[in-house]
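Each chain, letter by letter, is given below.
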Amino acid sequence: MDVAKYMTTALLLSSVFSDMNNTVIIATVIAVASLLLITGLWLVYEKPNKNK
């Protein structure tokens, strides 16, 4: 999940400091960050205990 946050932060900072007109790069970073976020959330999800 941290990698997704770092990628999103890098994209935001680079778009602030330079002219980001390449939509392919923006779309790729958003897609990869979303995939990493979903994967991280899936890995840390705890299933409910059925023995209670």
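Residues numbered from 1 in each chain as written. Predicted model: local features only at pLDDT ≥ 70, side-chain atom pairs only at ≥ 80, totals over all residues. Heavy atoms only, no water.

A. Broad picture of the overall build of the protein. What the protein contains, in helices and strands, is two helices and zero strands. The C-alpha atoms of the protein give a radius of gyration of 16 Å, which is well past the 10 Å a tight globule of 52 residues would have. With the C-alpha coordinates of the protein rotated into their principal frame, the extents come out at 55 × 15 × 10 Å. Here the protein holds 52 residues, and 10% of them are scored as buried. Carbon together with sulfur atoms contributes 68% to the accessible area of the protein, which is approximately 4,700 Å² in total. (Helix = DSSP H or I, 4+ residues; strand = E, 2+ residues; numbered from the N terminus. Rg over C-alpha atoms; globule rule 2.2 N^0.38 Å. Buried < 20%, exposed > 50% of the residue type's maximum accessible area, 1.4 Å probe, protein only. Areas by Shrake-Rupley, 256 points an atom, 1.4 Å probe, with all protein chains shown as cover.)

B. Highlighting the packing of helix H1 (residues 2–17) against helix H2 (residues 23–44). In contact at an axis separation of 8 Å, H1 and H2 are set at 160 degrees when each is read in the N-to-C sense. Of the possible angle classes, the one that applies to H1 and H2 is roughly antiparallel. The chirality of how H1 crosses H2 is left-handed. Facing H1, whose interface residues are Val 3, Ala 4, Met 7, Thr 8 and Leu 11, H2 presents Ile 26, Val 29, Ile 30, Val 32, Ala 33, Leu 36 and Leu 37. Looking at side-chain class alone, the contact of H1 with H2 contains eleven nonpolar, one polar and no charged residues. (Axes fitted to C-alpha atoms, helices over the stretch in contact; angles between N-to-C directions. Parallel < 35°, antiparallel > 145°, perpendicular 65-115°, else oblique. Left-handed = near helix turned anticlockwise from the far one by under 90°. Contact = heavy atoms within 4.5 Å. Nonpolar A, V, L, I, M, F, W, Y, C, P; charged D, E, K, R; others polar.)

C. Seen up close, H2. An ideal rise of 1.5 Å per residue puts 32 Å on 22 residues; H2 measures up with 32 Å between its terminal C-alpha atoms. All of the buried residues along H2 are Val 29, Ala 33 and Gly 40. One face of H2 carries all of its buried residues, which in axial projection span an arc of 30 degrees. Residues of H2 that are exposed and point over 90 degrees away from its buried face: Thr 23, Val 24, Leu 35, Ile 38 and Trp 42. Where the residues of H2 are buried, they touch H1. (Expected span 1.5 Å × (residues − 1). Arc of directions from axis to C-beta.)

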